[in-house]
Amino acid sequence: MLAKIHAGETAGNSEQKIEFRPTSAFAHTALPEIKTITLVDREQSNSSVIVDSNYVIKILRRITSGVHPEVEIGRFLADVVHFANAPALLGTVELVEGENRSALAVVHAFIDNQGDAWTITGASLDRLIDEQRLLPNEAVAEATEIGTLQQRMRQIGRVPPNCIWPCQPQRYRRLRAGADSAADTARWTEYAVSRAHAVFRLIEHNLKTFDEAVAPLARRLLDHRTAIGAHLESGWERDL
């Protein structure tokens, strides 16, 4: 797969084909000999492997038609504005059927680290749920773990530009420099609100299947669906 992406190959015919496409960061470097491949053994919505501590190949398990945001944003940062404070997108694999495109896999530069946001956030949410079970409704907003999660999100948004993780304010400015800000913000907000309502419907549909410990928390979340939707609609532009 890496070799095909590096070479920019295409397989198939005019009606259905698979495009292997590198970004400039990958196409202009030599492809080294591959010696080790390590499976990323974590719960996530894709299958990932680390290649020689240089590349992360992510194979998407849920395939949807349309431009994948990881491909769209990754190529913009890598090829248009050459943003250096994020793991570089090196290449993509997409299924092309006429005018429709579906992302199959993406390749990023691997950055060594001591952990990942998925594991840290998952552990924090587990602690939050345990804490919520012991608190009355009026004390939820004061829960220790909620404050910890909010502080972590604020900190990520203020990361200095010389760190390895993306500097969010810089990245947003770069993204907005190449976008129709008003139209894109409206589209992103509409999508976020739509996804939130879809989650609420899913929770409501499955409420009777939840165990006794989880059901009260789910009902509490549903009780706040209007406020959550209003916050998304009013806060998106401010946060950017």
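Every value quoted in this text rests on a predicted model; they were computed, and no experiment measured them. (Residues numbered from 1 in each chain as written. Predicted model: local features only at pLDDT ≥ 70, side-chain atom pairs only at ≥ 80, totals over all residues. Heavy atoms only, no water.)

Help me understand helix 4 (residues 117-132) in this model?
The end-to-end C-alpha distance of helix 4 is 22 Å, a good match for the 22 Å that 16 residues give at a rise of 1.5 Å each. Of the residues making up helix 4, those classed as buried are S124, L128 and Q132. For helix 4, the angular spread of the buried residues around the axis is 75°, confining them to a single face. (Helix = DSSP H or I, 4+ residues; strand = E, 2+ residues; numbered from the N terminus. Expected span 1.5 Å × (residues − 1). Buried < 20%, exposed > 50% of the residue type's maximum accessible area, 1.4 Å probe, protein only. Arc of directions from axis to C-beta.)

Before we go on, may I ask you to explain helix 3 (residues 69-80) in this structure?
Count 3.6 residues to each turn of an α-helix, and residues three or four apart come out pointing the same way. Taking 1.5 Å per residue as the helical rise, helix 3 with its 12 residues ought to reach 16 Å, and the 15 Å between its terminal C-alpha atoms agrees with that figure. Considered for burial, the residues of helix 3 that qualify are V71, G74, F76, L77 and A78. Just beyond helix 3, the residue with positive phi is H82, at close to 55°.

Can you help me understand unusual backbone geometry in this one?
Glycine aside, the phi torsion of most residues is negative, and most peptide linkages are trans. With a phi close to 55°, D52 is a non-glycine residue in the positive phi region. Turning to its location among the elements, D52 is positioned in the loop between strand 4 (46-51) and strand 5 (55-60).

Just to check I follow, could you spell out the sheet that holds strand 1 (residues 10-12) for this structure?
Working definition: the strands of a sheet are paired by backbone hydrogen bonds and lie parallel or antiparallel to each other. Pairing in this open sheet of seven strands is antiparallel, and the strands run 1-2-6-7-5-4-3 from one edge to the other. The outermost strands of the open sheet, each flanked by one partner alone, are strand 1 and strand 3 (37-39). Shown here is a sheet whose adjacent strand axes are inclined to one another by a mean of 20°, direction ignored. Relative to strand 4, strand 3 runs antiparallel, the two sharing three bridges. Bridge pairing links I37 to V51 in strand 4. Where helix 3 meets the sheet, it contacts strand 2 (17-22), strand 5, strand 6 (89-97) and strand 7 (100-109), and its direction lies at approximately 140° from that of strand 6. (Pairing = 2+ DSSP bridges. Axes fitted to C-alpha atoms, helices over the stretch in contact; angles between N-to-C directions. Contact = heavy atoms within 4.5 Å.)

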